[in-house]
Protein chains: 2
Amino acid sequence: MKKKLSIVDIANELNVSKTTISFILNGRAQEKRISNELVERVMKYVAEVGYKPNSLAKSLRTGKSNTIGLMVEDISNPFFASIARLIEDRAYKNGYKIIYCSTDNDTSKTQDLIGMFRDRHVDGYIMAPPEGIEEDIESLIKDGMPVVLFDRHLPGVKTDFIEIDNLFSTYNATKHLIEQGFKNIAFVTFASHQTQMVDRVKGYEDAVKSDGLKSTVKEIVFNQDEEQIMVPLRDFFKENPNIDAILFGTNHIGTCGLKVMNELGKKAPTDIAVISFDDYDVFKLHSPPVTAIAQPVEAIADNVITVLLEKLNDRSSSAKPQSIVLKTDLRIRNSSLKK
Amino acid sequence: MKKKLSIVDIANELNVSKTTISFILNGRAQEKRISNELVERVMKYVAEVGYKPNSLAKSLRTGKSNTIGLMVEDISNPFFASIARLIEDRAYKNGYKIIYCSTDNDTSKTQDLIGMFRDRHVDGYIMAPPEGIEEDIESLIKDGMPVVLFDRHLPGVKTDFIEIDNLFSTYNATKHLIEQGFKNIAFVTFASHQTQMVDRVKGYEDAVKSDGLKSTVKEIVFNQDEEQIMVPLRDFFKENPNIDAILFGTNHIGTCGLKVMNELGKKAPTDIAVISFDDYDVFKLHSPPVTAIAQPVEAIADNVITVLLEKLNDRSSSAKPQSIVLKTDLRIRNSSLKK
DNA sequence: GTGAAAGCGCTAACAA
DNA sequence: TTGTTAGCGCTTTCAC
């Protein structure tokens, strides 16, 4: 186990002061008017011995850790997993590492996690915030930490966020079902006061109401566990035999919904037409293919990281927070077409 | 933006030396025979003002970062995403944070990433290693870093790894197809020299050979991009019209395979029987449901983190590396049953 | 039982 | 143009 070289070792070996080395390594040679010759000699030696500055020490000194904290609801959910992947790529390209964690939409867990991230001196936060976390986020912002929210935002908290047009998405999807001639359209979602969920419900309700149809909203308690979602779904189907179309509010519920429909032998679209939020392989490959509200995952990730990097590079600027709202794409497939 | 308290602030406020504070905070009060009274006073004050030691400084001093580096092939792949989720939970429970990254199975990218992790002083490494990374891993180990591999291992590199019985898995799946009466069974996989892939091919070949059947292996160049996988798959189906059963070597290929079959109007199991490695919603919900080789994801994650924590807690022990091989579960569904 | 002080490796103000 | 030096906040040896 060879000992790691420090800047002092380099300085001694080259008979130069460590300051000079530091300047050269940090690209400030020009500014400090250090001779090209020296710069070259140093760079060559550094490359040769493979010296890498200790980033911990650097962080301690500069207060920067080049780390971004990413908090999602559940990293194993395909929506968040794909966002995470894209954010990771872009972050690494810009010299940032990602520490991630799953909040499970649990407020107190998230508070702990924020504490850990803070403790780790992450430079910035990207999160899909759970309910009730407003104060913690505000305190983060007050302390000058860049925070970018996505998938939802916190009304009242002034910070940047990237989200999609949830209201229009479900409105549009519901309208599509209505146009197809379905009359008894249900919306199944997680019980939640989060903005994205509230908007999704509202979009659905606006649409059914505008056509004088009955609104049937089934709210399920948030849970990662499939069985806990499927139980109330089974009940729902039994209690509402007259439903002829259903809109699922998230990919997780959509997948569980399809499973329950399978169990019960209900076929789309003949028994019940189906649309789900989010577009994944499960929906594309299903028989029949399931109509889905596709989120622009790449654009979301791009915007998130772009906004965060902007804030990171320009800490002082207290420019007005940006709210970016992206469009979704209703991918119409057989599951929602009236025969 | 309130200034963060340091141990010195606490010491001054309490008129005690920072050493004493440090001892108390690190649970060495007893050992150092510090008066209970003082301990209490310090603890009370610390709790009151919400003082948290600067972990960066602590890491710099102790060399421990309480961070684990997790390197998977692609965090957005459901297999790795679910493993990541489980590892995350267990790591956090034990006071460790996770920094993750996706290797894309790219050797030089992985080398960079290892460099970053090393630079960040992660305490331990969990990885699904790409090919050609042997030396880097060995150098990690030589430097005393705990490394646990999973999903595959590197022959010749002496370190702990957790994997599944790949050979038996595909052997068993192939046997199942043979028992069902299929005669022209193909195996479609990524071209790779990685242990898990080699074993999967071998399991398949052993099975077909043992029954005197022809072996048809289609190797596809590794790629995350679906289209790049689907193109050779389309060719394969066209060039091999007589295939009556197919075994997909990974979930990604399996999913793409189903898509191509959809395009071409080929139905399982009547046109071609299908089995895929890994068991996910796509396969469960498919019509017909797809027979799958389910990996024990939880057991893998559990074992990985257990072994790593053991090594972390007992650095000195150069106990013989553990190789844990777990069983898979062939979940037989309609896609592989002869009508 | 407690405290002084060295030092982990680095940056940057200030000197020279 | 380069070097000296003072910390960043913490742990730990050694002395009292």
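Residue positions are given per chain, counting from 1 as you read along its sequence in written order. Following the order in which they are written, the chains are lettered starting with A and the ligands numbered starting with 1. Reporting in this predicted model follows two pLDDT cut-offs: at least 70 for local features of residues, and 80 or more for side-chain atom pairs to be given and counted; totals over whole chains, interfaces and linings ignore these cut-offs and use all residues. Hydrogens and water molecules were not included; the side-chain quantities draw on all heavy atoms of the structure.

As named in an unreviewed UniProt entry, chain A is LacI family DNA-binding transcriptional regulator, taken from Mucilaginibacter dorajii.

Chemist: Just checking my understanding: could you explain the interface of chain B and chain A for this structure?
Modeler: How large an interface is tends to be reported as the accessible area lost when its parts come together. Contacts are residue-level and defined by heavy atoms, with any inter-residue pair within 4.5 Å sufficient. Between chain B and chain A, the residue contacts involve 54 residues of the former and 54 residues of the latter. Summed over both sides, the interface of chain B with chain A buries roughly 4,800 Å², with 56% coming from carbon and sulfur. Ranking the residues of chain B by area buried against chain A places Leu56(B), Tyr100(B) and Leu285(B) at the top, with a combined share of 17%. We define a salt bridge as a contact between a side-chain nitrogen of Lys or Arg and a carboxyl oxygen of Asp or Glu at a distance within 4 Å. Connecting chain B to chain A are 8 salt bridges. Identification of polar contacts relies on pairs of N or O atoms within 3.5 Å, with a donor-acceptor requirement for protein atoms, meaning one able to donate a hydrogen and the other able to accept it, and with residues adjacent in sequence counted only if both atoms are side-chain atoms. The tally of links from chain B across to chain A stands at 20 residue pairs in polar contact (both at pLDDT 80 or more). Here the side of chain B that touches chain A takes 7 residues from helix α5 (residues 78-93) of chain B, the largest share from any one element. By buried area we mean how much accessible surface two parts lose on assembly, using a 1.4 Å probe and totalling the loss over both. Every helix listed is a DSSP run of H or I at least four residues long, and every strand listed is a run of E at least two residues long, numbered separately from the N terminus.

Chemist: Before we go on, may I ask you to explain the protein's contact with DNA strand C in this structure?
Modeler: Summary of the distance rule: residues count as near a molecule or strand when at least one heavy atom falls within 4 Å of that molecule or strand. Surrounding DNA strand C, one finds 26 residues, the nearest of these being Ile7(A), Lys18(A), Tyr51(A), Arg61(A) and Arg33(B). Here the atoms of DNA strand C within 4 Å of the protein split so that 61% fall in sugar or phosphate, with bases taking the remainder. Contact between DNA strand C and Asn26(A): a phosphate oxygen at 3.3 Å from a side-chain N or O atom of the residue. Arg61(B) places a polar side-chain atom, nitrogen or oxygen, 2.8 Å from a base nitrogen of DNA strand C. Those elements that place two or more of their residues in the surface near DNA strand C are α2 (18-25) and α4 (55-62) of chain A together with α2 (18-25) and α4 (55-62) of chain B. For the surface near DNA strand C, the element with the highest residue contribution is α4(A), accounting for 4 residues.

Chemist: Would you mind showing me how to read the sheet that holds strand β8 (residues 245-248) of chain B here?
Modeler: Strands belonging to one sheet form pairs held by backbone hydrogen bonds; the direction of such a pair is parallel or antiparallel. Residue and element names in this part refer to chain B. Reading across from one edge, β7-β6-β8-β9-β10-β12 is the order of the 6 strands in this open sheet, with mixed pairing throughout. Whereas interior strands pair on both sides, the edge strands pair on one side only; in this sheet they are β7 (216-220) and β12 (329-331). Direction aside, the axes of adjacent strands within the sheet are offset by 15° on average. As judged from the 5 bridges shared by strand β6 (residues 185-190) and β7, these two strands associate in the parallel manner. Bridging across to β7, Phe-190 finds its partner in Ile-220. Axis definition: a line fitted to C-alpha atoms, over the contacting stretch in the case of helices. Angles run 0 to 180 degrees between N-to-C directions. Where helix α9 (residues 195-210) meets the sheet, its contacts fall on β6, β7 and β9 (273-277), and the angle it forms with β6 comes to roughly 175°. Along the sheet, helix α11 (residues 251-264) makes contact with β6, β8 and β9, crossing β9 at roughly 155°. Paired strands, in this sense, are two strands between which DSSP finds at least two bridges.

Chemist: Would you mind going over the nonpolar core with me for this structure?
Modeler: Soluble globular proteins tend to bury their nonpolar side chains together. To qualify as a nonpolar core, a set must consist of buried Ala, Val, Leu, Ile, Met, Phe, Trp, Tyr and Cys residues joined through side-chain atoms within 4.5 Å. Throughout, exposure labels follow a simple rule: accessible area from a 1.4 Å probe, protein chains only, divided by the maximum for the residue type, with under 20% read as buried, over 50% as exposed, and the rest as partly exposed. Ranked by internal contacts, the top residues of the largest apolar core, which has 136 residues, are Leu70(A), Phe150(A), Leu70(B) and Phe150(B). When residues no more than four places from it in sequence are discounted, the contact partners of Leu70(A) are Ala84(A), Ile87(A), Ile98(A), Ile99(A), Tyr100(A), Cys101(A), Phe117(A), Ile126(A), Phe150(A) and Tyr100(B). Within the second largest apolar cluster, 52 residues are counted, among which are Met230(A), Phe248(A), Phe236(B) and Val282(B).

Chemist: I would appreciate a short explanation of the protein's contact with DNA strand D in the present structure.
Modeler: Close to DNA strand D lie 28 residues; Thr19(A), Arg33(A), Ile7(B), Tyr51(B) and Arg61(B) are nearest. When atoms of DNA strand D within 4 Å of the protein are sorted by moiety, sugar and phosphate together comprise 57%. Side-chain polar atom of Asn26(B) to a phosphate oxygen of DNA strand D: 3.3 Å apart, as the coordinates give it. Within the side chain of Tyr51(B), a nitrogen or oxygen atom sits 2.5 Å from a phosphate oxygen of DNA strand D. At the level of secondary structure, the elements contributing two or more residues to the surface near DNA strand D comprise α2 and α4 of chain A together with α2 and α4 of chain B. Within the surface near DNA strand D, the residues separate by chemical class into 9 nonpolar, 11 polar and 8 charged. Amino acid classes used here: Ala, Val, Leu, Ile, Met, Phe, Trp, Tyr, Cys and Pro are nonpolar; Asp, Glu, Lys and Arg are charged; the rest, including Gly, are polar.

Chemist: Before we go on, may I ask you to explain the packing of helix α1 (residues 7-14) of chain A against α2(A) in this structure?
Modeler: When two helices pack together, their arrangement is given by the angle between their axes and by how far apart the axes lie. Residues and elements named next belong to chain A. Running from N to C, α1 and α2 cross one another at 110°; their axes reach a closest spacing of 8 Å. As judged from the angle between their axes, α1 and α2 are roughly perpendicular. Both α1 and α2 take part in a crossing whose hand is right-handed. Contact with α1, carried on its side by Ile-7, Val-8, Ile-10, Ala-11 and Leu-14, involves Lys-18, Ile-21 and Ser-22 of α2 and no other residues of that element. Per-class residue counts for the contact of α1 with α2 are 6 nonpolar, 1 polar and 1 charged. For classification, angles of less than 35 degrees are called roughly parallel, those exceeding 145 degrees roughly antiparallel, those between 65 and 115 degrees roughly perpendicular, and all remaining angles oblique. For any helix crossing, the convention is left-handed if the near helix is rotated counterclockwise from the far helix by under a right angle, and right-handed if that rotation is clockwise.

Chemist: Even after reading the chapter, I still don't get the UniProt feature "domain: HTH lacI-type" (unreviewed entry) in chain A, so can you show me in this structure?
Modeler: UniProt positions are given in the numbering used here, feature names are shortened, and annotations may be inferred rather than shown by experiment. The feature "domain: HTH lacI-type" (unreviewed entry), as given by UniProt, occupies residues 5-62 of chain A in the numbering adopted here. Within residues 5-62 of chain A, the helical portion is 66% and the strand portion 0%, while the C-alpha atoms at the span's ends are 20 Å from each other.

Chemist: Looking at this structure, how should I read the packing of aromatic side chains?
Modeler: Within a pair of aromatic rings, the relevant descriptors are the distance that separates the centres and the angle that separates the planes. A pair of aromatic rings is counted whenever rings of Phe, Tyr or Trp (Trp by its six-membered ring) have centres within 6.5 Å, and the orientation is called stacked for planes under 30 degrees apart, edge-to-face for over 60 and tilted otherwise. Tallied over the full model, the rule gives 13 aromatic pairs over all chains. Ring geometry for Phe117(B) and Tyr125(B): centres 6.3 Å apart, planes at 45°, overall tilted. Note on Phe236(B) and Phe237(B): the rings are 6.0 Å apart at their centroids and 70° apart in plane angle, and the pair reads as edge-to-face. Look at Phe236(B) and you get buried, because its relative accessible area is 3%. Residue classification places Phe237(B) among the buried residues on the basis of a relative accessible area of 3%. Taken together, Phe79(A), Phe80(A) and Phe150(A) form an aromatic cluster joined through their ring pairs. Whether a charge lies above a ring is judged from NZ of Lys or CZ of Arg, which has to be within 6 Å of the ring centre and within 35 degrees of the ring normal. The side chain of Lys338(A) reaches across the aromatic face of Phe182(A), ending 4.7 Å from its centre.

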